[in-house]
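A closer look at the structure
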Amino acid sequence: MGKVEHDLTDDQWSALVAAWGGCAYCGAPEPQPKLQKDCMLPISRGGRYTLTNVVPACRSCNASKCNVEVTTWMRRKKLDEQAFLVRQIEIARAAANAVPVADVPPGTRPESAGR
């Protein structure tokens, strides 16, 4: 197996955590107990730790998602997939361009129906 490149920097991770303000999936605030780096496309399926593939996730969401692709998991959990994906793109673009987190337009938090 070839070497997998992981290029998410500590500064980018900090920016992602600050911009999401908690778990990207359920909205649980940090620390819950501590947010984890979750790959939307899991490493086992060809994903990498990169700015456009990583979001902060609480332990519960990260464990539930496991190695399932994010949209499949969100549909199964009845989370707002579209709102999540729009917000993820906004945040990743802002972080890539070093835009201050306060300047990222607020998005709709993907809330679950039964949580």
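Rules used throughout
Residues numbered from 1 in each chain as written. Predicted model: local features only at pLDDT ≥ 70, side-chain atom pairs only at ≥ 80, totals over all residues. Heavy atoms only, no water. Axes fitted to C-alpha atoms, helices over the stretch in contact; angles between N-to-C directions. Helix = DSSP H or I, 4+ residues; strand = E, 2+ residues; numbered from the N terminus. Contact = heavy atoms within 4.5 Å. Buried < 20%, exposed > 50% of the residue type's maximum accessible area, 1.4 Å probe, protein only.

Think of two packed helices as two axes; the pair is described by the angle between the axes and how far apart they sit. Viewed as axis vectors pointing N to C, helix α3 (residues 70–77) and helix α4 (residues 81–96) meet at an angle of 145 degrees, and their least axial separation amounts to 10 Å. Two secondary-structure elements touch here, α3 through V70, T71, M74 and R75 and α4 through E81, F84 and L85.

We now examine unusual backbone geometry. With a phi angle near 55 degrees, C66 is a residue other than glycine that sits in the positive phi range. Tracing the backbone through its elements, the reader meets C66 in the loop between α2 (59–65) and α3. The phi angle at K78 is positive, at roughly 60 degrees, despite the residue not being glycine. Mapping K78 onto the fold places it in the loop between α3 and α4. For K78, a relative accessible area of 63% gives the class exposed.

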